[in-house]
Amino acid sequence: MNERIYLNNSFYFSPDFDEKMLGSDFSAPLEKVRIPHTVSVTPFNNFNPELYQKLSLYRTEFETKTDWNGKKILLTIEAAAHKSEVYLNGKKLCEHKCGYTAFTVDLTESLLPAGEKNTLCIKVDSRENVNLPPFGHVVDYMTYGGIYRDVYLDVKNSSYIKDVFVKTKGAHFESQVTLGGEKAEGFTLHQTITSCGDNSQSAEISTGTKDGLILTSAEAQPVVQWSLENPALYTLTTELLDSNGNVVDTNTVRFGFRDVRYDESGFYLNGKKIKLRGLNRHQSWPYVGYAMPASMQKEDADILKYELGLNEVRTSHYPQSHYFIDRCDEIGLLVFTEIPGWQYIGDAEWKDIAVENTREMVLQWRNHPSIFMWGVRINESPDDDDFFKRTNAAARELDPTRPTAGVRNFANSHFFEDVYTYNDFSHTGNNEGVRPKKEITKSKGGYMVTEYNGHMYPTKSFDDEWHRMKHALRHTNVLDSVAGHEDIGGSSGWCAFDYNTHKEFGAGDYICYHGVMDMFRNPKLAASVYKSQQDAEVVGDVLEISSSMDLGEYPAGNREAVWIFTNADSVKFYVNDSFIKEFKASDSPYKNLKHGPLLVDDFIGPRLAKDYGFSEKKAEDIKKVLHAVLFYGMDNLPMSVKLLGVKLALTKTTDLSKMTSFFTRYLGNLGAGGSVTTSYKFEAYRDGKLVSTVVKAPAKTTSVRAWTKRSELEETHSYDVTEVHLEAVDEKGNVQHYCQEAVTLSCEGPVEIIGPKAVSLKGGTAGTYIKTTGQSGKASLIITDWCGNVQKVNFEIK
């Protein structure tokens, strides 16, 4: 039977490769490391990417076991950035030219005799001048280096199951089984389908072998189809039996029954039309780049689904971790994945590698039900007909069940895919959110906007309130526009998280501030745009206010518009506990969105009539003038407002002195007589019940709120990591965006801190990472703020 042996915890590392290191007699000390590993821990920002561009070596030893006699020993490296060479006992066995796909090497013939130790060396080239995708020109993301996904040995019998591909249509399924090793004469297959849910049911299928490729077909009844709301999963267990009925090998594949269609009318899952609402994701984190374990990969999927309310993600611009995609399978998050590349197309050898990258991507990820489309074009590259005909053919040959797509940034591109995917950066704040499909392509296939905003309006969490609000509204404008076009299947905004990039892009500190969250996955205001589009059953109750309500935030105190982002039915607004107005979902100017933002257009409410006895009509006229002064300033009032002011004066309804008094009392940040600080309260209601409250008032205290999503960490076949979020908040829980103070960090117990031991808040937020060290027990992160206040976040390590 088969056995899997993980090698993640056994490697030694040298950042500088030397041929002498390949030999079994090499004895100089090397650094002990664990996989996932980065060749260089980087600063948060302001660092040169040459830090991680190295020719390095990973080295380990393992003993040939006696019971391996007659077996196949296969080494798999899930990902090493970016060009790898594998040596066993000094002999080069293979070379792999992709930093984002897995490769497997048969070690059997090069093993030493039983009882002896083999020396395994992996030479990794993370320099960006190698002739393979995505390299050859500038790239708008850092590519890092190292072995950053799992490494393991599979011990197999001489005949074994190499691959199983499951295709479904309704309740019908087909499997394509590929055998490896020696020819399996007289062997048979036995398959069992089992539900992963609570009501487990199974079906059994038996078949014979033919030339190492077996096709099986059956109806599985009853089945639950995989959907966004109920991502039902099944396992297909395939057993290879010899002529005596003995099990020789077993393969288990998890899959889902689901049908995907993407045509000119839109995207359909199981026959139901769905408007895709997603963001692009880079697989990088502060300090360690790509090198994060399973738990952090899964957490990113949860963030996208449950904190941003998305139903889709694009894995820009390369295939990403199976742990991430597995979690997308489990929670019902659709995935558009694509081959590595960014704008540049290289020579004939480069193109051959890209075609092979396409084959590897499809072969390795095609059983994931969450993946609905293959990206087979180099992102934003020029047309190259022969090349892209080859990548399309490769994907369709290996998986005829999914549409292909190719992301471009220009109109009327040559079209060989099933879906025309286009990066639409036409929105500039005041125009239509996206261009109509007919202006971009005359093709009859499906259409999707795969990037928008991003570099058009970079936004830092520490930008001023006006900038952060405009950023959120740009995302709103595009989502609303896409929702209004029936022939646009959906969109993926640029992007989910800020990321480190090269000097040609982003800000001067080597960060692209394009995300709706920062690099620590702390939300910016724009995150609430997406989250508010999802129902409370998925993301919880959403109530976010675009403003701190401080007039000093704006020049001359002329407040910009204040927006409410919520998934509630209505929001009641109070000033100093006086009811002002109830804003209903139907009031939103964004009519194509399920939960459009609500504009706060009244800060006075019924108070003028109540306090001064004005009629309702006169009170409304006075309010109109006062609000115009608030939003535009005295020097920029619209003519209609000036005329209304003259009318109020001529009718002796009021005068300038009284209007100034009204403004100070109702719209200034001081109450009547300047004695009461203004407090603003927002209450969200659903089905008539209060579900959330936000109060905005000048902060009396500021403290650090430290929290983590996981306090239990577990060592499996590698280390575990969790993030601790850090926020400067007032006594009401509001983030203080201009608090830029530093906190110091230390830890107790079997954990260590990834990154620096002192962290400055950026936009009132920051984060740090806790990593297990191979032992169990209790641990703590100790946080000391700028005033010397100390708090602990406690962990249990299993």
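To be clear, the structure that these remarks concern was listed above.
Everything in this summary refers to the structure shown in the same document. Note that the structure is predicted; figures quoted are calculated from it, not measured.

**Digging into the overall build of the chain**
On a plain count of helices and strands, the chain comes out with twelve helices and 48 strands. Overall, the chain is about 105 × 60 × 55 Å in size when its C-alpha atoms are taken along their principal axes. Scored against the burial criterion, the 798 residues of the chain give a buried share of 58%. Look at the contacts in the chain between residues 6 or more apart in sequence, and 68% of them connect residues 24 or more apart. When the accessible surface of the chain is split by element, carbon and sulfur atoms take 48% of a total near 31200 Å². Looking at the chain, you have 89 positive and 107 negative side-chain charges, and the mean spots of the two groups are 5 Å apart.

**With respect to the sheet that holds strand 5 (residues 72-77)**
Strand order in the open sheet made by the four strands is 1-12-5-9, with antiparallel pairing throughout. The two strands at the open ends of the sheet, each matched to only one other strand, are strand 1 (3-6) and strand 9 (103-106). Averaged over all pairs of adjacent strands, the angle between strand axes in this sheet comes to 25°, irrespective of strand direction. One ladder, built from four bridges, connects strand 1 with strand 12 (residues 151-156); its direction is antiparallel. For tyrosine 6, the partnering residue across the bridge sits in strand 12 and is tyrosine 152.

**Thoughts on helix 1 (residues 294-307)**
Relative to the 20 Å expected for 14 residues at 1.5 Å per residue, helix 1 spans 19 Å between its end C-alpha atoms, a close match to the ideal helical length. The complete set of buried residues in helix 1 reads Ser295, Met296, Gln297, Glu299, Asp300, Ala301, Ile303, Leu304 and Lys305. Positioned one or two residues after helix 1, glycine 309 has a phi angle of 70°, which is positive.

**Quick look at the environment of valine 138**
Relative to the helices and strands, valine 138 resides in the loop between strand 10 (117-125) and strand 11 (146-147). By relative accessible area, valine 138 is classed as partly exposed at 26%. Note: C-alpha distance between valine 138 and serine 657 (519 residues apart in sequence) is 62 Å. Every residue in contact with valine 138, bar those within four places of it in the chain, is listed here: Trp342, Glu504 and Phe505.

**A look at the pattern of salt bridges**
By the definition in use, this model includes 51 salt bridges. The closest approach of N and O atoms between glutamate 174 and lysine 167, which form a salt bridge, is 3.9 Å. Close ionic contact of arginine 377 with aspartate 383 constitutes a salt bridge, the shortest N to O distance being 2.8 Å. On the basis of relative accessibility, which here comes to 1%, the residue arginine 377 falls in the buried class. Residues participating in the shared-partner salt-bridge network are Glu85, Lys92, Glu95, Lys97, Lys123 and Glu349.

**Quick word on the packing of helix 10 (residues 616-632) against helix 11 (residues 639-650)**
Packing of helix 10 against helix 11 brings their axes to within 10 Å, and their N-to-C directions diverge by 135°. Between helix 10 and helix 11, the angle is such that the two are oblique. Crossing of helix 10 against helix 11: the hand is left-handed. Judged by residue contacts, Lys617, Asp621, Ile622, Lys624, Val625 and Ala628 of helix 10 engage Val641, Leu644, Gly645, Lys647 and Leu648 from helix 11. In terms of residue class, the contact of helix 10 with helix 11 is built from six nonpolar, one polar and four charged.

**Some points on the packing of aromatic side chains**
Going through the model one piece at a time under the given rule, you end up with 39 aromatic pairs. Pairing tyrosine 100 with tyrosine 318 gives two aromatic rings, centres 4.3 Å apart and planes at 10°, and the pair type is stacked. With a gap of 218 residues between them, tyrosine 100 in the loop between strand 8 (91-97) and strand 9 and tyrosine 318 in the loop between strand 24 (312-315) and helix 2 (322-331) connect regions that are remote in the sequence. Among the aromatic residues, ring-to-ring pairing joins Tyr52, Tyr100, Tyr141, Tyr144, Tyr148, Tyr290 and Tyr318 into one connected group. Just above the ring of phenylalanine 324 sits the side chain of arginine 281; from NZ or CZ to the centre is 4.0 Å.

**Examining the sheet that holds strand 48 (residues 790-797)**
On the basis of which strands lie adjacent, the open sheet formed by five strands has the order 41-48-47-43-45 and mixed pairing. Single-partner strands in this sheet number two, and they are strand 41 (712-713) and strand 45 (758-760). The sheet contact formed by strand 41 and strand 48 spans two bridges and is parallel. Paired with glutamate 712 across the strands is glutamate 796, a residue of strand 48.

**Here we look at the nonpolar core**
Of all hydrophobic cores here, the largest spans 62 residues; its most connected members are Tyr58, Leu75, Ile77, Ile147 and Tyr769. Filtering out sequence-adjacent residues up to four positions away, leucine 75 remains in contact with Leu7, Val86, Phe103, Thr104, Val105, Leu107, Leu120, Val151, Tyr152 and Leu153. Of all hydrophobic cores here, the second largest spans 57 residues; its members include Val376, Leu525, Ala526 and Tyr530.

**Let's talk about the packing of helix 3 (residues 348-365) against helix 4 (residues 385-398)**
Look at helix 3 against helix 4: their axes get within 9 Å of each other, and the N-to-C directions meet at 20°. Taken as axis vectors, helix 3 and helix 4 run roughly parallel relative to one another. The two elements helix 3 and helix 4 meet at a crossing, and its hand is right-handed. In this structure, helix 3 contributes Trp350, Lys351, Asp352, Ala354, Val355, Thr358, Arg359, Val362 and Leu363 to the contact, and helix 4 contributes Phe387, Arg390, Thr391, Ala394, Ala395, Glu397 and Leu398. Class assignment of the residues belonging to the contact of helix 3 with helix 4 gives a composition of nine nonpolar, two polar and five charged.

**Describing helix 3**
Its 18 residues place the ends of helix 3 26 Å apart at the C-alpha level, agreeing with the 26 Å of an ideal helix rising 1.5 Å per residue. Regarding helix 3, the residues found buried are Trp350, Ile353, Ala354, Val355, Asn357, Thr358, Glu360, Met361, Val362 and Trp365. At its buried positions, helix 3 is contacted by strand 8, helix 2, strand 25 (334-338), strand 26 (371-375) and helix 4. Sitting at the amino-terminal end of helix 3 is aspartate 347, which places a side-chain oxygen 3.3 Å from the backbone nitrogen of glutamate 349.

**Observations regarding the pairing of strand 30 (residues 490-493)**
Neither face of strand 30 is open: one carries Gly490 and Ser492, the other Ser491 and Gly493, and all of them are buried. Inspection of the sheet shows strand 23 (residues 276-280) paired to strand 30 by four bridges, in the parallel sense. Each residue of the ladder has a partner; that of leucine 279, found in strand 30, is glycine 493.

**What about the side chain of threonine 441?**
With respect to the helices, strands and loops of the structure, threonine 441 is situated in the loop between helix 5 (437-440) and strand 29 (446-451). Owing to a relative accessible area of 6%, threonine 441 belongs among the buried residues under this scheme. A distance of 2.8 Å separates the side chain of threonine 441 from the side chain of serine 443, its partner in a polar contact. Ignoring sequence-local partners within four residues, the contact set of threonine 441 consists of Asn412, Tyr420 and Tyr447.

**Description of unusual backbone geometry**
Cis geometry marks the peptide bond from proline 133 to proline 134; its omega dihedral reads 10°. As for its position among the elements, proline 134 is in the loop between strand 10 and strand 11. Of note, the phi angle at asparagine 270 is positive, near 55°, even though the residue is not glycine. With respect to the element layout, asparagine 270 can be found in the loop between strand 21 (266-269) and strand 22 (272-274). At asparagine 412, a residue that is not glycine, the phi angle is positive and equals roughly 55°. Relative to the helices and strands, asparagine 412 is located in the loop between strand 27 (404-408) and strand 28 (419-423). With relative accessibility at 46%, the residue asparagine 412 sits in the partly exposed group.

**Observations regarding the side chain of serine 14**
Mapped onto the elements of the fold, serine 14 is located in strand 2 (residues 11-14). Leaving out residues up to four positions away in the same chain, serine 14 has contacts with Met21, Leu30, Ser56 and Leu57.

Definitions and cut-offs
- Residues numbered from 1 in each chain as written.
- Predicted model: local features only at pLDDT ≥ 70, side-chain atom pairs only at ≥ 80, totals over all residues.
- Heavy atoms only, no water.
- Helix = DSSP H or I, 4+ residues; strand = E, 2+ residues; numbered from the N terminus.
- Buried < 20%, exposed > 50% of the residue type's maximum accessible area, 1.4 Å probe, protein only.
- Contact = heavy atoms within 4.5 Å.
- Areas by Shrake-Rupley, 256 points an atom, 1.4 Å probe, with all protein chains shown as cover.
- Lys, Arg positive; Asp, Glu negative; His and termini not counted.
- Charge placed at Lys NZ, Arg CZ, Asp CG, Glu CD.
- Pairing = 2+ DSSP bridges.
- Axes fitted to C-alpha atoms, helices over the stretch in contact; angles between N-to-C directions.
- Expected span 1.5 Å × (residues − 1).
- Salt bridge = Lys/Arg side-chain N within 4 Å of Asp/Glu carboxyl O.
- Parallel < 35°, antiparallel > 145°, perpendicular 65-115°, else oblique.
- Left-handed = near helix turned anticlockwise from the far one by under 90°.
- Nonpolar A, V, L, I, M, F, W, Y, C, P; charged D, E, K, R; others polar.
- Phe/Tyr/Trp six-rings, centres within 6.5 Å; stacked < 30°, edge-to-face > 60°.
- Lys NZ or Arg CZ within 6 Å of the ring centre and 35° of its normal.
- Core = buried A, V, L, I, M, F, W, Y, C linked by side-chain atoms within 4.5 Å.
- Polar contact = N/O pair within 3.5 Å; in protein donor to acceptor, adjacent residues only side chain to side chain.

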